[in-house]
Amino acid sequence: MNPAFGLVVIGAQWGDEGKGKLVDLFAAEADAVVRYQGGTNAGHTLVVEGRKTVLHLIPSGILHPGKRCVIGSGCVVDPVALAAEMDELAAAGVDVGPDRLLISHAAPAILEVHKRLDRARESSAGDEKIGTTGRGIGPAYEDAVSRAAVRMGDLRDPDRLRARIEALLFEKNVLLRAHGQPEFTTECILEALEPVRARLLPFLGDAGALLTSLNEAGGRILFEGAQGALLDVWHGTYPYVTSSSTVAANAAVGVGVGPQVITDVLGVTKAYATRVGSGPFTTELNDSIGEHLRRVGREFGATTGRPRRCGWLDLPALRYAIRINGITRLAVTKLDVLRGVDPIKICTHYRWRGRTYDVMPTDAASWAELEPVYESLPGFSEELANARTPEDLPPAARRFLSFVEARTGRPIELVSVGPGRNENVLFAPRAGGRDGRGEAP
Ligand code: IMP
């Protein structure tokens, strides 16, 4: 990374692209690693020295000794789950003190009531359910924009905390009643917070102030996206989305720095596609190939354990993600999972009502009817786990990658061929990458 670098690592699909691993790699060069949206709905799986760690809210940079980690005000913070995650890391020997982790005091808190409401809505919705993670994300963001949220800074003042919870429950209990769920008392919410409240106070602070001074001093900031571009609340496959803005521009908003702090956007895509929860998925495979991808790719949710829906790589969706995020370069993960799949198909464009679409249309009426058009590429049978340079890859794998580059106009900088920190093929940075902007697809 260059001095004063602000790199956003973004999921270019529906989440679960393997961003955690990429962030972990880039964290070595960063001064601070920050989360700017989402909450414990995320699950970033990292394998370091054979040991698996799943992080839900704490930035992946925490595994790099000495790196500053920040949870911005654009995140929703479950204080109880956060404390449990800190304990888990501490038990694994990872230092998680206030000098390592800063939590924005402006971040809205997720309380038990948000989780109950999230789950109640899902079970009332029947076939219409979103398939949320049940972590209270939607209700917590609703409270943030309706100005009713309990924010992390409220934990400092027990009287204010009590008053905020009381006001919140006045409306939330009406909703719970409507869903046939038990109501909450203020005492009950306070009791759940009490064991962690005092403990979290030393971690609270002004994330924007810290990161702005770091940037002005030439520091390098790594923004860790959670979920994926197509789950963005404004630009994703609404209503089958999460409740935060996942796109790169929101990285600045979500931590409280100016947009010029962002200098580059890396998009992460799997070599195929997956989705958890409901919603449109044009290239979904409900056959033995989909089953193969799920089994070999171990496509089960890191947060909920749910089996992920699997399908072919979808270039119109990827081009859309490139457009809405300003992605300058790509990382392709899980290429090894395609081993033995022959031919490998890639969706190059869609057809809908007699028209051709190279980029996913934003007209929701089209999504269920889009017809994917595929090109078939030869498969490969070689083991990829030991490949470290492009020359180590079999010709068919290289051809697959060149095809993706040519059809998206974005260089691939890294290909992941296994879960381990070092199981990657690195490509030399090229035009349109790190410092270039490339052509819009
Ligand atoms: P929520 O974020 O729990 O409200 O869930 C809304 C949608 O986003 C559901 O389809 C979830 O499966 C999906 N989602 C939320 N977080 C993740 C994630 O980290 N990876 C993949 N999908 C996610």
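All of the points below concern the structure found in this document. Quantities reported herein were computed from a predicted structural model and do not represent experimental measurements.

Some words on unusual backbone geometry
- Here the bond from Y238 into P239 is cis, since omega is 5°, no more than 30 degrees from zero.
- Along the polypeptide, P239 turns up in the loop between strand 8 (221-224) and helix 8 (250-255).
- Residue D342 is joined to P343 through a cis peptide bond whose omega torsion reads 0°.
- Within the secondary structure layout, P343 lies in the loop between strand 13 (329-333) and strand 14 (344-352).
- Of note in this structure, K334 is not a glycine but carries a positive phi near 60°.
- Look at K334 and you get partly exposed, because its relative accessible area is 23%.
- Look at R353: it is not a glycine, yet its phi comes out positive at around 45°.
- With respect to the helices and strands, R353 occurs in the loop between strand 14 and strand 15 (355-357).
- Residue classification places R353 among the exposed residues on the basis of a relative accessible area of 61%.

Describing the site of the ligand
- The environment of the ligand is formed by 17 residues, the closest being D16, N41, T133, T242 and R306.
- Q227 places a polar side-chain atom, nitrogen or oxygen, 3.3 Å from a nitrogen atom of the ligand.
- Contacts to the ligand include R306, whose side-chain N or O atom sits 3.0 Å from an oxygen atom.
- For the ligand, the accessible surface in isolation is 460 Å², of which the surrounding protein chains cover 97%.

Looking at empty space enclosed by the protein
- For the structure on display, the rule yields three cavities of 30 Å³ or more.
- What the largest cavity holds in volume is close to 50 Å³.
- The wall of the largest cavity is formed by D78, V80, I110, L111, E112, K115, I189, A192 and L193.
- Of all the elements in the fold, those that place two or more residues in the lining of the largest cavity are helix 3 (112-125) and helix 6 (186-200).
- No other element matches the three residues that helix 6 contributes to the lining of the largest cavity.
- For the lining of the largest cavity, the per-class residue count stands at six nonpolar, no polar and three charged.

Reading guide: rules and limits
Residues numbered from 1 in each chain as written. Predicted model: local features only at pLDDT ≥ 70, side-chain atom pairs only at ≥ 80, totals over all residues. Heavy atoms only, no water. Helix = DSSP H or I, 4+ residues; strand = E, 2+ residues; numbered from the N terminus. Buried < 20%, exposed > 50% of the residue type's maximum accessible area, 1.4 Å probe, protein only. Near = heavy atom within 4 Å. Polar contact = N/O pair within 3.5 Å; in protein donor to acceptor, adjacent residues only side chain to side chain. Areas by Shrake-Rupley, 256 points an atom, 1.4 Å probe, with all protein chains shown as cover. 1 Å grid on protein atoms, 1.4 Å probe; cavity = no way out; pocket = protein on both sides within 12 Å on 5 of 7 lines; lining within 4 Å. Points joined across faces, edges and corners; volume = space filled by probe spheres on them. Nonpolar A, V, L, I, M, F, W, Y, C, P; charged D, E, K, R; others polar.

Keep in mind that these numbers describe shape and distance, not what the molecule does.
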